[in-house]
Amino acid sequence: MSWKLFSSYEFIKDVGISVGILLLFLLFRKIFAKYVFALIVKGIRKENHPFFSHMFLSFEKPIQWLFIVLGIYVSVWYFPYFDPTHVLFLKLVKSSIIFLAGWGLFNLSSSSTLILAKLNERFDFEIDEILIPFLSKLLRVIIVVVIFCGIAEEFNYNVIGLVGGLGLGGLAFALAAKDAIGNLFGGVIIITEKPFTIGDWILTPSVEGTVETITFRSTRIRTFAQALVTVPNAKLANETITNWSKMGKRRIVFNLSVTFETPKEKLEGVIKQIEYMLKTHSGIHQDTAITKFDKYGADGLDIYIYFFTKTTVWLDFLKIKEEINYKIMDILDHEGVSLARPNRKIYVDSKSEDNSKVRWELLK
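None of the values given here were measured: they were computed from a predicted structure.

What follows covers the pattern of salt bridges. One pass over the full model with this rule turns up one salt bridge. The partner of Glu 212 in a salt bridge is Arg 222, with the nearest N and O atoms 2.8 Å apart. Linking Glu 212 in strand β2 (residues 208-214) with Arg 222 in strand β3 (residues 218-222), this pair joins segments that are 10 residues apart in sequence. Taking relative accessible area as the criterion, Glu 212 reaches 33% and is therefore assigned partly exposed. Classification of Arg 222 by relative accessible area gives partly exposed; the value is 24%.

Let us look at the packing of aromatic side chains. The tally for this structure, following the rule as stated, stands at eight aromatic pairs. Between the aromatic rings of Phe 99 and Trp 103, the centroid separation amounts to 6.3 Å while the plane-to-plane angle is 40 degrees, which identifies the pairing as tilted. Placement of the pair is Phe 99 and Trp 103 together in helix α4 (residues 87-110), with a separation of four residues, close to one helical turn. Given a relative accessible area of 45%, Phe 99 falls into the partly exposed group. Residue Trp 103 is classed as partly exposed on the basis of its relative accessible area of 28%. With 5.5 Å between their ring centres and 80 degrees between their planes, Phe 293 and Tyr 296 make a pair best called edge-to-face. Site record: aromatic cluster; members linked through ring pairs are Tyr 73, Trp 77 and Phe 89. Across from the ring centre of Phe 308, 4.6 Å away, lies the NZ or CZ of Lys 249, which sits over that ring. Lying over the aromatic face of Phe 317, Arg 250 brings its terminal NZ or CZ to 4.6 Å of the ring centre.

Take helix α11 (residues 264-280) next. Since one α-helical turn is 3.6 residues long, residues separated by three or four positions face the same way. With 17 residues, α11 should reach 24 Å at 1.5 Å per residue; the first-to-last C-alpha distance of 24 Å fits that figure. All of the buried residues in α11 are Leu 267, Gly 269, Val 270, Ile 271, Ile 274, Met 277 and Leu 278. For α11, the secondary structure elements touched by its buried residues are β6 (250-258), β7 (290-296), β8 (301-309) and α12 (314-335).

This part covers unusual backbone geometry. With a phi angle near 70 degrees, Gln 226 is a residue other than glycine that sits in the positive phi range. By the secondary structure assignment, Gln 226 is in the loop between β3 and β4 (228-232).

Scoring rules and cut-offs
- Residues numbered from 1 in each chain as written.
- Predicted model: local features only at pLDDT ≥ 70, side-chain atom pairs only at ≥ 80, totals over all residues.
- Heavy atoms only, no water.
- Salt bridge = Lys/Arg side-chain N within 4 Å of Asp/Glu carboxyl O.
- Helix = DSSP H or I, 4+ residues; strand = E, 2+ residues; numbered from the N terminus.
- Buried < 20%, exposed > 50% of the residue type's maximum accessible area, 1.4 Å probe, protein only.
- Phe/Tyr/Trp six-rings, centres within 6.5 Å; stacked < 30°, edge-to-face > 60°.
- Lys NZ or Arg CZ within 6 Å of the ring centre and 35° of its normal.
- Expected span 1.5 Å × (residues − 1).
- Contact = heavy atoms within 4.5 Å.

Nothing here speaks to function; it is geometry throughout.
The structure is reproduced here in structure tokens:
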């Protein structure tokens, strides 16, 4: 009887110690999450170290779960009728640690785009902006593969044999995922040939706008109407792409028609003043500014104006164009020259019962 009581007492004591250890680790987890971790992150942010701040934030949840895994591992050594040296249990613990480490690295890789951009800016690595999102996503894929291989090795799976087995079904997989593979190769073509990069203004037969992101599958383009268009890379790589951002200058050409009554002296004065204004404008290429009396038009005397802006940015281009238009208005007003208006005739159908019916036509 006493032996049974002693045995029951030992059992309850061991269970209590085991549960107490687990609760102690859960308490450590809560203290770490609420106080220690918050204090560390606050100090790092105060010192303005963005990389370490991202690193600690990425490993916050994995470290909290690590307390639980370690608590379970230590507590089972005191739990009765459980063998903590069992092979399966040890494999589960090691696999959990591998998963948690990979989880933290995966979270950290999600902010690798910002980190790579900062490194590129600080150390002048000359990494094209189009490569940074791809490198970030490639890093995440590699981390997932390493986690999978590490856990598989812990359970004695032959990873090489598994890859070989997947190779047997490679043809069927390729046929089922031909669109995805086509988009992937399209993305590779865009990276290698570099017809555009992040932030470029492009025009294709299907869309026009500014490139925002490039992924393995598609490219996202923000149109001027602020719509976000997602174009598969396979389609985009096979389309004609006009990259307006690669222009060294942007053309403006139009005819300015003044009235037939304009004297020759005033016409020459207007042309010379417009030409001088274009030649002295800081936003215009001086070698390509042309202003000439072109022809006798249908409605007036046509002045041909042809020049290029130095900027290719859309809003800056429109601003320069507006400035030129205002200055031409001032020149015409100063010289007392009027713009030509289309001549019109009114035809009245006298045979019609309703004489209010009239027909307007341009005089050509």
